[in-house]
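# Structure at a glance
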Amino acid sequence: MDFHTVISIWQDGDSKKALDMLKDMEIENVGQLQTLIEVKLLEYYILSYNYLEDGGVIKMQEIDGIINTKSFRVPPDLQFKIQIIKGLHLYRLDKINELFKKLKRLDKSEYESICVSKFDYLILGSFYSLYGVAAYYHDSFDKMTEMLKKAISIHNFHGNKFFEGMTHHNICILNYWKGNLNQAIKSGKIALRIAREIDNEFNVSSSLNLLADIYSLRGELDIAEKSSLESLIIRERIGHVPSMAYSYSTLGRIYLSKKNYEKSISSFGRCYELRKEIKEPYDRVLLSEVLVQLINISLMTKDINSAEEYLEKLSSIDNGSGEHPGDNDIPLLIQLGQALISKAKPSSLDKVEARKLFNLYMDSEITYVEFTIMAFLNICDLLFDEYKLYK
């Protein structure tokens, strides 16, 4: 059993089998520290890919434990791998500035000269991909393009279609965030084509759902709905709960745009139930986002009782220790939910309270564009109502 075989099985879409094989490799190599660390690094990579952040965190702790407690000198090639996986971990924790600094300090030239295995080139490609993503956040778009092209070139040269497709998927996401929707769709279609070529259903479903989000933003709601439903069918067949929740969330937004409030509430409700099953730390904030959507749609349909029930559920979510991405956002999302309900009540005092809460939300450092727009539009509504009363 070797890394090449494990990576190939993972790329064929069987993450569970790949992780089981790595567990066996952990037992086989318990005394071989370099191999043991590499096994745990690959485990982190696959766990992260499958949205299983807690498992990945445990692997990082185990790696640090080996390095800190054993008399083991970490060779340069392994040190590079460790730093790249730690960089991926920083990205998952949304610590982009720290990630950017780390990547700028890393010397890839020595590592490039000793790359021999599939795992080596996976790590090198990951370096370029992470650097490209971090450059995007620093508005270094030329650097972003340069790094992501290098990642594609490495994966393409070594016949690694799986990671070539994932890099195109990342380019699609970055262009989507940047507002370059035509370029995003182009990259998304390439990622989808590659995923279909290698018959990786998980990646096919990811590309379909991402394209659904983009088509929805362009107002092409029928195409978006078809793409998201196709993604959901695959994800339900695979039985991957986190990705099923994402598909239902996408459908909820599409139906909301179509003003089909019944289907929107049904989709967000299903997303909420699935997220409760996952119990990953990051899902606390995702649960909170879904409940804000449900509060908002309930109020659109004049169902204030349901909105208040959703707010009660939202208020009961523990915002954790503040160590995980989004933990500190949960109180602000509760505040947004309270503002929406206060605005819907007839009392002028409630409306004053709503405006105050919306303003506090707008002044916060929370980065959900969708909810910031929601708060802004509600403030505009309140100001217009005040103007009509004044007139």
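### Some remarks on the overall build of the protein chain
Within the protein chain one finds 20 helices and 0 strands. Oriented by its inertia axes, the alpha-carbon framework of the protein chain measures out at about 75 × 45 × 40 Å. Within the protein chain, the fraction of its 391 residues that count as buried is 52%. In the protein chain, of all internal contacts separated by at least 6 residues, the share reaching a separation of at least 24 is 60%.

### Structural notes on the nonpolar core
Counting residues in each nonpolar core, the largest one holds 60 residues, and the members touching the most others are W10, L42 and L103. Examining the composition of this core, we find that 12 residues originate from one element, helix α8 (residues 118-137), more than from any other. In this view, L103 contacts I84, F127, L130, Y131 and A134; residues no more than four positions away in its chain are not counted.

### Regarding the packing of aromatic side chains
Aromatic rings in a pair are described by how distant their centres are and how their planes are angled relative to each other. This model, assessed by the stated rule, comprises 11 aromatic pairs. Here F80 and F127 contribute two aromatic rings whose centre-to-centre distance is 5.8 Å and whose plane-to-plane angle is 45°, an arrangement assigned as tilted. In this pair, F80 sits in helix α5 (residues 76-92) while F127 sits in helix α8, placing the two residues 47 residues apart along the sequence. Chaining the aromatic ring pairs together yields one cluster made of F80, F100, F127, Y128 and Y131. Directly above the ring of F141 sits K178, whose terminal nitrogen or CZ lies 3.7 Å from the centroid.

### Topic: the confidence of the model for the protein chain
Of the residues in the protein chain, 92% reach a pLDDT of 70 or more, and the chain-wide mean stands at 86. Between the elements of the protein chain, mean pLDDT differs from a low of 69, seen in helix α7 (residues 108-114), to a high of 96, seen in helix α13 (residues 221-238).

### Re the pattern of salt bridges
One pass over the structure, following the stated rule, counts 19 salt bridges. E164 serves as the salt-bridge partner of K161, at 3.6 Å between the closest nitrogen and oxygen. A residue pair is termed a helical-turn pair when its members lie 3 or 4 positions apart in one helix, as K161 and E164 do in helix α10 (residues 161-178) at 3 residues. Accessibility expressed as a relative area gives 7% for E164, which makes it buried. For R196, the salt bridge is made with E230, and the minimal N-O distance between the two is 2.9 Å. One end of the pair, R196, is in helix α11 (residues 181-197); the other, E230, is in helix α13, and 34 residues separate them in sequence. Judged by its relative accessible area of 43%, R196 falls in the partly exposed class.

### Topic: the environment of K189
Among the structural elements, K189 can be located in helix α11. The partly exposed category is assigned to K189, whose relative accessible area is 47%. Other than its neighbours up to four places away in sequence, K189 contacts L211 and Y215.

The rules behind these values
Each chain carries its own residue numbering, running from 1 in the written order of its sequence. Totals for whole chains, interfaces and linings use all residues, but because this is a predicted model, local features are given only for residues with pLDDT of at least 70 and pairs of side-chain atoms are given and counted only at 80 or more. Note that water and hydrogens are dropped before the side-chain values are worked out from all heavy atoms of the structure. Going along the chain from the N terminus, every DSSP run of H or I of four or more residues is numbered as a helix, and every run of E of two or more is numbered as a strand. Burial here depends on accessible area, computed with a 1.4 Å probe over protein chains only, as a share of the maximum for the residue type. Under 20% is buried, over 50% is exposed, and the range in between is partly exposed. Any two residues having at least one pair of non-hydrogen atoms within 4.5 Å are treated as being in contact. Think of a nonpolar core as a cluster: buried Ala, Val, Leu, Ile, Met, Phe, Trp, Tyr and Cys residues, connected wherever their side-chain atoms sit within 4.5 Å. Stacked, tilted and edge-to-face pairs are distinguished by plane angle, under 30 degrees for stacked and over 60 for edge-to-face with tilted covering the rest, among Phe, Tyr and Trp rings (Trp via its six-membered ring) whose centres lie within 6.5 Å. We count a charge as sitting over a ring when the NZ of a lysine or the CZ of an arginine lies within 6 Å of the ring centre and within 35 degrees of the ring normal. The pLDDT value expresses, per residue, how confident the predictor is, ranging between 0 and 100. For this document, the term salt bridge refers to a Lys or Arg side-chain nitrogen within 4 Å of an Asp or Glu carboxyl oxygen.

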